[in-house]
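# Report on the structure
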Amino acid sequence: QTLALRHIRVLDLSRVLAGPFCTMQLGDAGADVIKVERPGTGDETRKWGPPFTASGESAYFLGVNRNKRSVAVDFATPRGRDIVRALASSADVVVENFLPGKLEKLGLGYADLRKGNERLVYCSLTGFGQTGPYAARGGYDVVVSAIAGLMGITGPQDGAPCKVGVAMTDLATGLFAHGAILTALLHAQRTGQGQYVSTSLLEAQVALLANIGSNYLIGGREGRRWGTAHESIVPYQAFETADGHVVVGCGNDAQFKVFCGIVGRLDLAEDQRFTTNALRVANRNQLIPQLQKECVTVVAPCPIRTVVQLTYGAAAFFSFLFSLAPSGFGKGPPRTGWSCLTEQNCPLGRSTPLPRYSPTRKSSTRT
């Protein structure tokens with residue numbers, strides 16, 4: 001009864017990742033999400049696996065489709081289109097990710113569905129926008145991350161471009177859409193009029209270039225791959241040790257001094273080549289090898305628990321690099337005291353752990 005969107009109904013015509021991730025956030029906040037899927041096959045991600053649950057659902061699908069109800073509708077038939085119109089007539093939000101113009105040809109575009117429902121917020125997600133030479137192309141995260149520059153700045157310094165480990169372009173598009181929908185709902189609440197909002201994988205990824213994009217637009221500096229290092233902050237990277245890696249991120253000079261004390265090299269903090277971040281960036285080739293040596297000789301011999309206890313109280317800029325299992329995924333980052341997972345009731349009454357959206361949200365998966 002306290003969830004902010006408990007009176008909002010969402011008609012989810014989207015599939016795969018960006019759209020479903022967006023509508024899942026709305027469902028987590030209390031919205032009644034009705035997911036429309038293709039008869040017989042459903043959302044493509046139902047088959048994206050393994051792994052699958054015992055009931056045959058893919059972990060991928062469950063990861064972005066909790067808190068939804070589902071109905072199979074054939075858009076190609078008049079009856080199917082009538083069902084969509086009926087559902088839209090009582091909806092506050094419609095989310096779709098068809099190619100531009102596809103739903104308009106079926107009589108299911110914004111202009112069609114807002115008739116009799118002027119408060120409707122209609123959100124379109126595409127790969128490359130509603131207009132332009134690529135508008136008719138479908139959008140996949142890996143393709144757009146290459147076109148929009150993310151892969152070009154991801155990977156080892158002297159190596160090949162790399163895909164980010166999770167589909168950040170898709171996920172960011174879903175989050176941008178989520179924010180736009182909430183803004184449009186506020187507008188509808190105040191004016192009684194809905195809005196048409198849209199975004200694309202391309203637009204979202206370009207926006208996420210952030211300081212790298214600004215560096216190019218303002219300073220003409222082309223982005224490049226830095227591995228785990230940072231173009232504008234030093235030290236801010238992973239260091240190899242005898243039995244793994246540690247990650248250091250010193251965002252200011254005081255943190256750098258603390259870190260130098262931890263590894264027993266306060267002389268580096270007092271060295272005139274490294275006293276400010278700008279100097280450390282300019283002289284990283286002299287500083288990093290010395291820090292790398294200390295990480296092997298000072299950090300590696302210590303038990304992980306000892307190093308975490310030593311560094312946690314000093315500053316939150318030091319961590320070991322873990323995979324999911326030893327990182328405590330599901331139990332929360334070290335010493336945070338809250339869980340990253342929540343149990344969800346899945347189809348056929350099975351309970352499955354899923355990454356948590358909110359530490360306080362408790363509900364069931366209805367898809």
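Everything discussed here concerns the structure shown above.
Below is a summary of the structure that appears in this document. Values in this document were obtained by computation on a predicted structure and should not be read as measured data. (Residues numbered from 1 in each chain as written. Predicted model: local features only at pLDDT ≥ 70, side-chain atom pairs only at ≥ 80, totals over all residues. Heavy atoms only, no water.)

### Details of the nonpolar core
The test is simple: Only buried residues count toward a nonpolar core, which is a set of Ala, Val, Leu, Ile, Met, Phe, Trp, Tyr and Cys residues joined through side-chain atoms within 4.5 Å. Note on exposure labels: buried denotes an accessible area under 20% of the residue type's maximum, exposed denotes more than 50%, and partly exposed covers the range between, all computed with a 1.4 Å probe on protein chains only. Numbering goes from the N terminus for both helices and strands, where a helix is a DSSP run of H or I of at least four residues and a strand is a run of E of at least two. Residues are treated as being in contact if the distance between any of their heavy atoms lies within 4.5 Å.
Counting 22 residues, the largest nonpolar core has Ile 8, Val 10, Ala 31, Val 93, Val 95, Cys 123 and Ile 181 as the members making the most contacts within it. Secondary-structure elements contributing two or more residues to this core are α1 (18-28), β4 (93-96), β5 (121-126) and α7 (168-191). By residue number, the principal contributor to this core is α7, which donates four residues. If sequence neighbours within four positions are ignored, Ile 181 has contacts with Cys 22, Leu 26, Val 93, Val 95, Val 121 and Cys 123.

### Looking at helix α10 (residues 253-262)
Applied cut-off: What the arc measures is the spread of directions leading from the helix axis to the C-beta atoms. Nitrogen and oxygen atoms within 3.5 Å of one another constitute a polar contact, given that in protein one can donate a hydrogen and the other can accept it, and given that sequence-neighbouring residues count only through two side-chain atoms.
Taken together, the buried positions of α10 are Phe 256, Phe 259, Cys 260 and Ile 262. End-on view of α10: buried residues confined to an arc of 155°, all on one side of the axis. Of the residues in α10, the exposed ones pointing more than 90 degrees away from the buried face are Ala 254 and Lys 257. Structurally, the start of α10 carries an N-cap: the backbone nitrogen of Ala 254 is 3.1 Å from a side-chain oxygen of Asn 252. One or two positions beyond α10, positive phi appears at Gly 264, with a value near 75°.

### Observations regarding a nonpolar patch on the surface
This is how it is decided: Patches were defined on residues exceeding 30% relative accessible area and lacking a salt bridge, with like-charge contacts within 9 Å and nonpolar side-chain contacts (Val, Leu, Ile, Met, Phe, Trp, Tyr) within 5 Å. In short, Shrake-Rupley with a 1.4 Å probe defines the accessible areas, and a residue's cover is counted only from the protein chains shown. Basic side-chain nitrogens of Lys or Arg form a salt bridge, by our definition, when they fall within 4 Å of a carboxyl oxygen of Asp or Glu.
A cluster of nonpolar side chains, contributed by Trp 48, Tyr 60, Tyr 134, Tyr 140, Val 142, Val 143 and Ile 147, occupies part of the molecular surface with about 630 Å² of accessible area. It is helix α6 (residues 141-147) that provides the largest number of residues to the nonpolar patch, a total of three residues. Residue position: Trp 48 is located in the loop between β2 (32-37) and α2 (59-63). Residue Trp 48 is classed as partly exposed on the basis of its relative accessible area of 35%.

### Looking at the pattern of salt bridges
Pairs may arise between side chains of opposite charge once their charged atoms sit close together. For the structure shown, the criterion picks out 14 salt bridges. The salt bridge involving Asp 28 is made with Arg 66; its shortest N-O contact spans 2.9 Å. Of this pair, Asp 28 sits in helix α1 while Arg 66 sits in the loop between α2 and β3 (68-72), placing them 38 residues apart in sequence. The same class applies to Asp 28 and to Arg 66, which are both buried.

### Let's talk about the environment of Pro 156
Topologically, Pro 156 is positioned in the loop between α6 and α7. Along the sequence, Pro 156 and Trp 226 sit 70 residues apart, while their C-alpha atoms lie 5.9 Å from each other. If we skip the residues at most four places from it in the chain, Pro 156 touches Cys 162, Arg 225 and Gly 227.

### Some thoughts on the sheet that holds β5
Quick note on the threshold: Two strands pair if DSSP finds at least two bridges between them. For helices, the axis comes from a line fit to the C-alpha atoms of the stretch in contact; other axes are also lines fit to C-alpha atoms, and the angle between any two N-to-C directions lies between 0 and 180 degrees.
Spatially, the six strands line up as an open sheet ordered β3-β2-β1-β4-β5-β6, and their pairing is parallel. For this open sheet the edge positions go to β3 and β6 (196-200), each flanked by a neighbour on one side alone. Between one strand axis and the next, the sheet turns through 20° on average, direction left out of account. Strand direction decides the pairing type here: β5 and β6, joined by five bridges, are parallel. In the strand pairing of β6, Cys 123 is matched with Val 197. This element, α1, spans β1 (9-12), β2, β3, β4 and β5 of the sheet and lies at about 165° to β1. Against the sheet, helix α3 (residues 78-89) engages β1, β2, β3 and β4, with an angle of about 155° to β1.

### Structural notes on unusual backbone geometry
Residue Pro 50 is reached from Gly 49 by a cis peptide bond, and omega for that bond is 5°. Position of Pro 50 among the secondary structure elements: in the loop between β2 and α2. One non-glycine residue, Asn 67, adopts positive backbone phi at about 55°. Looking at where Asn 67 falls in the secondary structure, it is placed in the loop between α2 and β3. When its relative accessible area of 1% is taken as the criterion, Asn 67 is described as buried. Phi at Ala 210 is positive, roughly 45°, even though this residue is not glycine.

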